[in-house]
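Coordinate analysis (summary)
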Amino acid sequence: MIQFDRVSKRYPGGYEALSDVSFLIEAGEMVFLTGHSGAGKSTLMKLVALLERTSRGQVIVDGRNLAGVKRSGIPQHRRKIGIIFQDHKLLHDRTVFDNVALPLVVAGIGHSEARRRVRAALDKVGLLDKERLFPVVLSGGEQQRVGIARAVVNKPPLLIADEPTGNLDPALSVEIMKLFGLFNQVGVTVLIASHDHRLIRRLGKRHLMLDHGRLSDRPLHGDGETFDG
Amino acid sequence: MAKASMSGPTVFGRLGAWAAHHGHSLLSTLGRLSRAPVATAMTVGVLGIALALPAALHLVVDNMRALSNSWESALHISVFLKPGVRVPEAEALATTLRARDDVGSVRVIGPDEALAEFREQSGFGAALDTLRENPLPAVLVVAPPAGITSPGALEPLRGEIERHAAVDFVQLDTQWLQRLFAILAIAQRGIIVVAVLLGIAVVVTVGNTIRLDIQNRRQEIEVTKLIGGSDAFIRRPFLYTGFWYGVGGGLTAAILVAFALFAVEGPVARLAGLYGSGFTLSGLGMGGFGALVGTGALLAWAGSWVAVGRHLDEIEPT
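It should be emphasised that the depicted structure is a prediction, and the values quoted were computed from it without experimental measurement. (Residues numbered from 1 in each chain as written. Chains lettered and ligands numbered in written order. Predicted model: local features only at pLDDT ≥ 70, side-chain atom pairs only at ≥ 80, totals over all residues. Heavy atoms only, no water.)

What about the overall build of chain B?
- Check the secondary structure of chain B and you find 10 helices and 4 strands.
- Secondary structure elements of chain B occur, N-terminal to C-terminal, as α-α-β-α-β-α-α-β-α-β-α-α-α-α.
- The C-alpha radius of gyration computed for chain B amounts to 33 Å, which surpasses the reference 20 Å derived for 318 residues by more than 25%, pointing to a less compact arrangement than a globule.
- Along the longest, intermediate and shortest principal axes, the C-alpha atoms of chain B span 115 × 40 × 30 Å.
- The buried share of chain B, taken over its 318 residues, is 37%.
- A separation threshold of at least 6 residues defines the contact pool for chain B, and within that pool the share at least 24 residues apart is 82%.
- Accessible surface, chain B: about 17900 Å² in total, of which carbon and sulfur atoms supply 66%.
- Measuring between centres, the 24 positive side-chain charges of chain B sit 14 Å from its 25 negative side-chain charges. (Helix = DSSP H or I, 4+ residues; strand = E, 2+ residues; numbered from the N terminus. Rg over C-alpha atoms; globule rule 2.2 N^0.38 Å. Buried < 20%, exposed > 50% of the residue type's maximum accessible area, 1.4 Å probe, protein only. Contact = heavy atoms within 4.5 Å. Areas by Shrake-Rupley, 256 points an atom, 1.4 Å probe, with all protein chains shown as cover. Lys, Arg positive; Asp, Glu negative; His and termini not counted. Charge placed at Lys NZ, Arg CZ, Asp CG, Glu CD.)

Shown next as structure tokens:
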């Protein structure tokens, strides 16, 4: 589903965020991306969503080499990916329903069909009773679940999440991660950037660790456990 | 993978959704504008004034043209015959002139008739009574055919008539009319210049307003780009916003012009009355109204295109 082949990313100014990174994530996998802050996790996510372009190497997503995707093709590419952010990126002047419906409106899905899918997505994240509220009155965990509903409403084959539990307490974090597990069970490929090593260990999924822009095979916090996919 | 793949709606479904989205954008942008009434009113007011000025000037020139056209119907050559030429001879000359293509009608005013007219209009009745004989010559009033509008076209006819033996002199008093036409032509050019400048002002005003709007909605644009909103999708509400500004500006301009017209209508009617003329000011009419609103919408749309083209690309999600 996601293949990085000797990918480097150098930002203007010379800072190299990723160096010679290669890995393969199969369709249907759930993979965690870990590493200290500034290790390049966000950059890697951005390359997948075409928020940035590689300096060297190739990124292939869903069988498509992203180097061949022109500017005009970027929206179509992003519609195949559900993106979840640490800060939710919800629109605060719109209701929960309208926030979740946005990807469907953008994709030109008809009103009744959109309504059905939005309610299905809200039902999955357990927020069906809050569809008329504005995001501002929701708790942090609820806002993140709205963000997840928005990411999955268009049934994308790939979900990527950048520190989705960064602002949440442990109990809520587990809940959110379980939600990602549920989507993974129905065939969605999931890539989550997180520094919550304890949580990742508990879930027992494969992880990739970045260290100063390079993939590292060091185990998490040196406690001897390995998590090979 | 199969379970998670995107299901594609039908072509008709997409088309319907596309039309619905356009309709929704059109109404939601109007709703958004109405939720900020003061800011919207100020922008629309500026556009209205900018559009009203050239429209009003155009109306002034149009009315003067209509007025001078009614004077053109009075465009004629006065042919003064030599003293001693009798009415039958004058009638004979009139008949020859009537046969010509460049003559519409000829009226013969005999000396007696001319004297009676003069007596009535000049107020010198008592003085005229002291004259022993009528000093006035017979006069032919030659009018061009209906199609002739410019005084210059009458010059050849005037020359020919002047050479006739019975003719004393010919008067074609059109120089003032020609000057008026020249002034109107200059005024019209001036209006074009003013209209172009104010049109640019409309484009720039709307462009700047939309630029601010884009900056205020930066987050919304970023999120929309993140979830796969196309450039056209993101552009649309801003273009419709510009469109509404233009329509609002055009309507305001039409109201301002109507108001100005109403203000001068009374005095103009009184002036026309003093000249014994039934002249009334003509307003914009349906065509002019449509042109004003349409021009406003078009210019404002163009302004928002400029802003959108310049500033939307700058906002990329990070």
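What to know about the confidence of the model for chain B
Residue and element names in this part refer to chain B.
- Counting all residues, the mean pLDDT for chain B is 84, and 92% of those residues have values of 70 or more.
- The element-level mean pLDDT for chain B is lowest in helix 5 (residues 125-129), coming to 75, with helix 10 (residues 285-311) highest at 92.
- Segment residues 1-7 is flagged for pLDDT under 50; beyond a separation of four residues in sequence, or across chains, it makes 15 contacts in the model. (pLDDT = per-residue confidence, 0-100.)

Focus on the interface of chain A and chain B
- The partner chain B presents 28 residues to the 32 residues of chain A that form the contact.
- Carbon and sulfur atoms supply 58% of the area buried between chain A and chain B, which totals about 2600 Å² over both sides.
- Summed over the shared surface of chain A and chain B, the number is 5 salt bridges.
- Ionic pairing is found between R71 of chain A and E316 of chain B, a salt bridge with its closest N-O pair at 3.3 Å.
- Here chain A is connected to chain B by 7 residue pairs in polar contact (both at pLDDT 80 or more).
- Elements with a minimum of two residues in the side of chain A that touches chain B: helix 2 (74-78) and helix 3 (96-106) of chain A.
- At 4 residues, helix 3 of chain A tops the list of elements feeding residues into the side of chain A that touches chain B. (Buried area = accessible area lost by both parts, 1.4 Å probe. Salt bridge = Lys/Arg side-chain N within 4 Å of Asp/Glu carboxyl O. Polar contact = N/O pair within 3.5 Å; in protein donor to acceptor, adjacent residues only side chain to side chain.)

Considerations on the packing of helix 3 of chain A against helix 5 (residues 140-152) of chain A
All names here are of chain A.
- Two numbers describe how helix 3 lies on helix 5: the axes approach to 7 Å, and their chain directions differ by 30 degrees. With respect to each other, helix 3 and helix 5 are oriented roughly parallel. For the crossing formed where helix 3 meets helix 5, the hand is right-handed. Contacts between helix 3 and helix 5 pair V96, N99, V100 and P103 from the former with V146, A149 and R150 from the latter. (Axes fitted to C-alpha atoms, helices over the stretch in contact; angles between N-to-C directions. Parallel < 35°, antiparallel > 145°, perpendicular 65-115°, else oblique. Left-handed = near helix turned anticlockwise from the far one by under 90°.)

Some details on helix 5 of chain A
- When the terminal C-alpha atoms of helix 5 of chain A are compared, their 19 Å separation across 13 residues agrees well with the 18 Å that a helix rising 1.5 Å per residue should span.
- With 12 of 13 residues buried, helix 5 of chain A is to be regarded as a mostly interior element.
- For helix 5 of chain A, the complete set of buried residues consists of G141, E142, Q143, Q144, R145, V146, G147, I148, A149, R150, A151 and V152 of chain A.
- Structurally, helix 5 of chain A contributes buried residues whose contacts are with strand 6 (81-84), helix 3, helix 4 (111-124), strand 7 (158-162) and helix 6 (170-185) of chain A together with helix 8 (218-226) of chain B. (Expected span 1.5 Å × (residues − 1).)

Quick notes on the pairing of strand 8 (residues 189-193) of chain A
All names here are of chain A.
- Along strand 8, 5 of the 5 residues are buried, which leaves the element largely enclosed by surrounding structure.
- Burial along strand 8 is two-sided: T189, L191 and A193 and V190 and I192, pointing in opposite directions, are all buried.
- Bridging between strand 3 (residues 30-35) and strand 8 involves 4 bridges; their strand directions are parallel. Within strand 8, the residue paired with F32 across the bridge is I192.
- In terms of handedness, the path from strand 7 via helix 6 over to strand 8 forms a crossover that is right-handed. (Pairing = 2+ DSSP bridges. Right-handed = clockwise from strand over helix to strand, strands pointing away.)

Observations concerning the packing of helix 9 (residues 231-274) of chain B against helix 10 of chain B
All names here are of chain B.
- It is at 7 Å that the axes of helix 9 and helix 10 come closest, and there the two elements cross at 145 degrees. Helix 10 is crossed by helix 9, and the crossing has right-handed handedness.
- Looking at the contact of helix 9 with helix 10 residue by residue, the class counts come to 17 nonpolar, 5 polar and 1 charged. (Nonpolar A, V, L, I, M, F, W, Y, C, P; charged D, E, K, R; others polar.)

A look at the side chain of T241 of chain B
Residues and elements named next belong to chain B.
- Mapped onto the secondary structure, T241 falls in helix 9.
- Taking relative accessible area as the criterion, T241 reaches 3% and is therefore assigned buried.
- Every residue in contact with T241, bar those within four places of it in the chain, is listed here: T29, L33, I210 and D213.

Some thoughts on the sheet that holds strand 7 of chain A
All names here are of chain A.
- Strand order in this open sheet of 6 strands is 6-7-8-3-9-10, and the pairing throughout is mixed. Both outer strands of the open sheet, strand 6 and strand 10 (214-216), are each paired with one neighbouring strand and no more. Pairwise comparison of adjacent strand axes, ignoring direction, gives a mean angle of 25 degrees for this sheet.
- Inspection of the sheet shows strand 3 paired to strand 9 (residues 206-211) by 5 bridges, in the parallel sense.

Digging into the nonpolar core
- Ranked by size, the top nonpolar core spans 41 residues in total, and within it I210 and I214 of chain B carry the most contacts.
- When residues of this core are traced back to their parent elements, those giving at least two are helix 3 of chain A together with helix 2 (37-72), helix 7 (175-216), helix 8, helix 9 and helix 10 of chain B.
- Element by element, the count of residues in this core is highest for helix 9 of chain B, at 12 residues.
- Apart from the residues within four sequence positions on either side, I210 of chain B is in contact with F238, T241, G242, Y245, S304, A307 and V308 of chain B.
- Judged by nonpolar contacts, the second largest core, of 38 residues, contains V125, V174, V190 and I200 of chain A. (Core = buried A, V, L, I, M, F, W, Y, C linked by side-chain atoms within 4.5 Å.)

Observations regarding the sheet that holds strand 2 (residues 105-109) of chain B
Residue and element names in this part refer to chain B.
- Ordered in space as 2-3-1-4, the 4 strands form an open sheet in which the pairing is antiparallel. Only two strands of the sheet have a single partner each, and these edge strands are strand 2 and strand 4 (167-171). Strand-to-strand twist of the sheet, defined as the mean angle between neighbouring strand axes without regard to direction, takes the value 20 degrees.
- Contacts between helix 3 (residues 87-98) and the sheet are confined to strand 1 (77-81), strand 2, strand 3 (139-143) and strand 4, with strand 2 contributing the most and set at about 170 degrees to the helix.

Observations regarding unusual backbone geometry
- The phi dihedral of K155 of chain A falls on the positive side, at around 50 degrees, and the residue is not glycine.
- As for its placement among the helices and strands, K155 of chain A is situated in the loop between helix 5 and strand 7.

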